[in-house]
Amino acid sequence: TQLLEQSPQFLSIQEGENLTVYCNSSSVFSSLQWYRQEPGEGPVLLVTVVTGGEVKKLKRLTFQFGDARKDSSLHITAAQPGDTGLYLCAGAPNYGGSQGNLIFGKGTKLSVKP
Amino acid sequence: DAMVIQNPRYQVTQFGKPVTLSCSQTLNHNVMYWYQQKSSQAPKLLFHYYDKDFNNEADTPDNFQSRRPNTSFCFLDIRSPGLGDAAMYLCATSRDSGRFYEQYFGPGTRLTVT
């Protein structure tokens, strides 16, 4: 069974600080997605990383996929209150027949205080 | 805009009274999923349809059923809701595109059981 360990589980920071969220696994994933979920809403896809070592930037958010495609990180620079939410990483298993089922990490609940 | 729509956004039902949640999509995706999410935890997959093929997760209670009458619509039926079934229910879609499997979520239905 493939697992994704996500850390930290909770993060409370001041506006302007930087932070990094990690997703780690002993298994290889064919791709990995990051989602952000605001209270009372569904998760929204932020990015998909596919190639080992890939780095993608989305404004102040930087996503990295590990060289071996077993881990990923999300770095937020100069966090703002609007970044508050639940961040979820989700990996697509690297075996056939998965039919698109994603393996979700347990999520990181981020609170950015003004 | 192409999207995933869930109705209703909020549903209150009585203990033991059957309830149906609906999901529709304009993305023309062939895969549709139902998740249960509690208290800022990661979404838990209940089942999914790959085209017309129904796939139940091993630990999904028999109390939960699903129907997909056509590509655009999918329903979640809870036959006899218990207090423990109170949660956010999320519908998601994806297109079988090889190894990406990006999922697009609806806004969710918050179910309260009284």
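Described in the following lines is the structure provided in the data block. Just so it is clear, the structure is predicted and the values come from calculations on it, not from any experiment. (Residues numbered from 1 in each chain as written. Chains lettered and ligands numbered in written order. Predicted model: local features only at pLDDT ≥ 70, side-chain atom pairs only at ≥ 80, totals over all residues. Heavy atoms only, no water.)

**Some points on the overall build of chain B**
- Each helix and strand in chain B was counted, giving 0 helices and 11 strands.
- Relative to the globule expectation of 13 Å for 114 residues, the C-alpha radius of gyration of chain B, 13 Å, shows essentially globular dimensions.
- Projecting the C-alpha coordinates of chain B onto the three principal axes gives extents of approximately 40 × 30 × 30 Å.
- Accessible area of chain B: about 5600 Å², with a carbon and sulfur share of 49%.
- The centroid of the 11 positive side-chain charges in chain B is displaced by 6 Å from the centroid of its 10 negative side-chain charges. (Helix = DSSP H or I, 4+ residues; strand = E, 2+ residues; numbered from the N terminus. Rg over C-alpha atoms; globule rule 2.2 N^0.38 Å. Areas by Shrake-Rupley, 256 points an atom, 1.4 Å probe, with all protein chains shown as cover. Lys, Arg positive; Asp, Glu negative; His and termini not counted. Charge placed at Lys NZ, Arg CZ, Asp CG, Glu CD.)

**Overview of the state of the cysteines**
- One pass over the structure, following the stated rule, counts 2 disulfides over all chains.
- Each sulfur of the disulfide joining A:C23 and A:C89 lies 1.6 Å from the other. Here A:C23 and A:C89 share a disulfide; its torsion about the S-S bond, -75°, makes the bridge left-handed. Taken together, the positions of A:C23 in strand β3 (residues 19–24) and A:C89 in strand β9 (residues 85–93) put the pair 66 residues apart, joining distant regions of the chain.
- With a relative accessible area of 0%, A:C89 lands in the buried category.
- With a sulfur-sulfur separation of 2.0 Å, B:C23 is cross-linked through a disulfide to B:C91. One quick way to see it: the torsion about the S-S bond of B:C23 and B:C91 is about -70°, and its sign makes the bridge left-handed. (Disulfide = S-S within 2.5 Å. Buried < 20%, exposed > 50% of the residue type's maximum accessible area, 1.4 Å probe, protein only.)

**Digging into the interface of chain B and chain A**
- Listed per partner, the contact involves 25 residues of chain B and 25 residues of chain A.
- A combined buried area of about 1900 Å² lies between chain B and chain A, and 54% of that area is made up of carbon and sulfur atoms.
- Run the count over chain B and chain A and you get 1 salt bridge.
- Ionic pairing is found between B:R9 and A:E41, a salt bridge with its closest N-O pair at 3.5 Å.
- Across the chain B-chain A interface, the total number found is 6 residue pairs in polar contact (both at pLDDT 80 or more).
- Element by element, the count of residues in the side of chain B that touches chain A is highest for strand β4 (residues 31–37) of chain B, at 4 residues.
- The class makeup of the residues in the side of chain B that touches chain A is 14 nonpolar, 7 polar and 4 charged. (Contact = heavy atoms within 4.5 Å. Buried area = accessible area lost by both parts, 1.4 Å probe. Salt bridge = Lys/Arg side-chain N within 4 Å of Asp/Glu carboxyl O. Polar contact = N/O pair within 3.5 Å; in protein donor to acceptor, adjacent residues only side chain to side chain. Nonpolar A, V, L, I, M, F, W, Y, C, P; charged D, E, K, R; others polar.)

**Overview of the sheet that holds strand β8 (residues 71–76) of chain A**
Residue and element names in this part refer to chain A.
- The antiparallel open sheet is built from 5 strands, whose spatial order is β1-β3-β8-β7-β6. The open sheet is flanked by β1 (5–7) and β6 (55–58), the only strands paired with a single partner. Averaged over all neighbouring strand pairs, the angle between strand axes comes to 15°, with direction disregarded.
- Summarising the sheet, strand β7 (residues 61–65) and β8 pair through 5 bridges and their orientation is antiparallel. Residue pairing in the sheet places F63 in a bridge with L74 of β8. (Pairing = 2+ DSSP bridges. Axes fitted to C-alpha atoms, helices over the stretch in contact; angles between N-to-C directions.)

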